[in-house]
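Structural description and commentary
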Amino acid sequence: MMKKTALLTCLLGLLGALPASAAELKDVFGKEVPIGQGRPTLVLYANKSTKEELRQRASQFIYGVREKKPIVVIHVDLRDVPGLFKGMARGEIRKSHDESLAAMKDLYRQKGEAPPAELDSSLYMVADSKGEPHKSMGLEKGFDRVFAQVLGTSGQEIARGAFSEGARKLSQAMSAAPAVASRAP
């Protein structure tokens, strides 16, 4: 019995050590994030200090790799937010999610294109109270630049780096990911 308990404890410890991209993630709306399910993924690690960088650069980047139909996951680090305000911060993240989708749709229209049908199911914002995913990327509490990770269609990491400075490398990595099969209606 003791051996089984020790084994179970070890297994639970290992499961807790899995990287966030491998674990089942839920966004601020409670929806499961579909990493590794046939579409490449751009994972952005952000906090309140990086909001403006995201606003200025993310839409254009995503538009530039639109033919890959990427999933975009934004991990928002809430380590700097006092416990009493984390619920309010989650509400702000939900609001920001809706504003980001509206901005992306506007960008498509400005470029003379209809927003793609999958756009609404392509953006996921995850509130990370303890910042575990950020820590796994080496980001200390209060970091001041968006960090990015490109994952292939099965969830494997293809590239990582500072988002603004590494945009070209990240875009090339995303473009090199296998194509997504289009579904006929």
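The structure under discussion appears in the preceding block.
Here is a short report on the structure shown in this document. Residues take numbers from 1 onward in each chain, read along the sequence in its written order. Since the coordinates come from a predicted model, pLDDT governs what is reported: local features require at least 70, and pairs of side-chain atoms require 80 or more to be given and counted, while whole-chain, interface and lining totals use all residues. As a convention, hydrogens and water are excluded, and side-chain values are obtained from all of the structure's heavy atoms.

The next thing to look at is the pairing of strand S1 (residues 41–46). Burial runs high along S1: 6 of the 6 residues are buried. Buried means the residue's accessible area, taken with a 1.4 Å probe over protein chains only, is under 20% of the maximum for its type, while exposed means over 50%, and partly exposed covers the values in between. In this text, helices come from DSSP runs of H or I with a minimum length of four residues, and strands from runs of E with a minimum of two, each type numbered from the N-terminal end. Of the two faces of S1, both are covered, the one formed by Thr41, Val43 and Tyr45 as well as the one formed by Leu42, Leu44 and Ala46. For a crossover, the right-handed case is the one in which the path from the first strand over the helix to the second runs clockwise, viewed with the strands pointing away from the viewer. Tracing the backbone out of S1, into helix H2 (residues 51–64) and back to the parallel element strand S2 (residues 71–77) gives a crossover that is right-handed. The sheet contact formed by S1 and strand S4 (residues 147–151) spans 5 bridges and is antiparallel. Along S4, the bridge assignment pairs Tyr45 with Phe147. In this scheme, strands are said to pair when DSSP sees at least two bridges between them.

Here, a salt bridge means any Lys or Arg side-chain nitrogen found within 4 Å of an Asp or Glu carboxyl oxygen. Under the counting rule described, the total for this entry stands at 9 salt bridges. The residue Glu52 makes a salt bridge to Arg55 at a minimum N-O spacing of 3.4 Å. In this pair, Glu52 and Arg55 both sit in helix H2, 3 residues apart, roughly one turn of the helix. With a closest N to O distance of 3.5 Å, Arg145 and Glu53 form a salt bridge. Residue Arg145 is found in the loop between helix H4 (132–136) and S4, and its partner Glu53 is found in helix H2; the two are separated by 92 residues along the sequence. On the basis of relative accessibility, which here comes to 37%, the residue Arg145 falls in the partly exposed class. Salt bridges linked by common partners bring Glu53, Arg145 and Glu165 together as one network.

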